[in-house]
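Observations on chain architecture
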Amino acid sequence: SQTIHQWPATLVQPVGSPLSLECTVEGTSNPNLYWYRQAAGRGLQLLFYSVGIGQISSEVPQNLSASRPQDRQFILSSKKLLLSDSGFYLCAWWGQGNTGELFFGEGSRLTVL
Amino acid sequence: AQSVTQLDSQVPVFEEAPVELRCNYSSSVSVYLFWYVQYPNQGLQLLLKYLSGSTLVKGINGFEAEFNKSQTSFHLRKPSVHISDTAEYFCAVSDKDGGFKTIFGAGTRLFVKA
């Protein structure tokens, strides 16, 4: 069966520090991968999605970037964090043959101080 | 472009009462529709989905939703709620071209009181 893992689960970082959140999927190949951010009262905002290795689409111009160095690995990064980057970050995957639903990781809560 | 509007940010309800969480969407193409549930500090999990066919969709935990194309709505219902249903509920839409992008509503927090 397919599983998705995100880490770290919780992160507290100072303003201006770098960020790396990692997501891996097991049990499937060539999934579409997604990063969403959830801020209080604002639902889920799609940040990036990827349909293959090295292919990244950005939905919102911001202080973040994403990379997909391997088929089942998706990384969210920042060189210098801002206070506004605080939030709950969710990775998700969608696979071929799947009828449209997304499968989510457990999330990474980032607090920027 | 697609969009999703969840009309209520919070819905308080007493245990064993019925509940309806409202969702409207807009899209210029045919869509898939979803409801997800999120418990505190967790990821989202699928409650139910509408792909095609019968407009009444049944999901897990006794929830159901009805797709109304003319009103572009996909409201979620449960005839009798439990304390354990307290959570945040998200309505979502994706186009039928492969689910490349799923757009979520702002969420409705359901609070079930004893």
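In short, a report on the structure. Quantities reported herein were computed from a predicted structural model and do not represent experimental measurements. (Residues numbered from 1 in each chain as written. Chains lettered and ligands numbered in written order. Predicted model: local features only at pLDDT ≥ 70, side-chain atom pairs only at ≥ 80, totals over all residues. Heavy atoms only, no water.)

Some details on the interface of chain A and chain B
Between chain A and chain B, the contact holds 23 residues from the first and 21 residues from the second. A combined buried area of about 1,700 Å² lies between chain A and chain B, and 54% of that area is made up of carbon and sulfur atoms. In this structure, the connection of chain A to chain B is made through 2 salt bridges. We note a salt bridge from lysine 101 of chain B to glutamate 59 of chain A, for which the minimum N-O separation is 3.5 Å. For the pair chain A and chain B, the interface holds 7 residue pairs in polar contact (both at pLDDT 80 or more). Elements supplying a minimum of two residues to the side of chain A that touches chain B: β4 (32–38), β5 (44–52) and β9 (87–94) of chain A. (Contact = heavy atoms within 4.5 Å. Buried area = accessible area lost by both parts, 1.4 Å probe. Salt bridge = Lys/Arg side-chain N within 4 Å of Asp/Glu carboxyl O. Polar contact = N/O pair within 3.5 Å; in protein donor to acceptor, adjacent residues only side chain to side chain. Helix = DSSP H or I, 4+ residues; strand = E, 2+ residues; numbered from the N terminus.)

Here's the deal with unusual backbone geometry
Between tryptophan 7 of chain A and the following residue, proline 8 of chain A, the backbone shows a cis peptide bond with an omega angle of -5°. Tracing the chain through its elements places proline 8 of chain A in the loop between β1 (3–7) and β2 (10–13). Notably, asparagine 41 of chain B is not glycine yet its phi reads approximately 60°, a positive angle. Here asparagine 41 of chain B shows up in the loop between β5 (31–38) and β6 (44–50). Backbone geometry places asparagine 61 of chain B, a non-glycine residue, at a positive phi of 60°. Within the fold, asparagine 61 of chain B resides in the loop between β7 (56–58) and β8 (64–68).

Topic: the pairing of β5 of chain A
It is a general feature of regular strands that their side chains alternate between the two faces of the sheet. Residue and element names in this part refer to chain A. By the criterion of burial, β5 is predominantly enclosed, with 7 of the 9 residues buried. In this structure, β4 lies alongside β5, joined through 6 bridges in antiparallel fashion. Counted as the bridge partner of arginine 37 is glutamine 45 from β5. Both β5 and strand β6 (residues 55–58) contribute to a ladder of 3 bridges, which runs antiparallel. (Buried < 20%, exposed > 50% of the residue type's maximum accessible area, 1.4 Å probe, protein only. Pairing = 2+ DSSP bridges.)

Some thoughts on the state of the cysteines
Residues and elements named next belong to chain B. Inspection of every chain in the model, using the stated rule, returns 2 disulfides over all chains. One disulfide in the model links cysteine 23 with cysteine 91; its S-S distance is 1.9 Å. Between cysteine 23 and cysteine 91 the disulfide shows an S-S torsion of about -65°. By sign, it is left-handed. Pair noted here: cysteine 23 is in strand β4 (residues 23–26) and cysteine 91 is in strand β10 (residues 87–95), with a separation of 68 residues, a long-range link. (Disulfide = S-S within 2.5 Å.)

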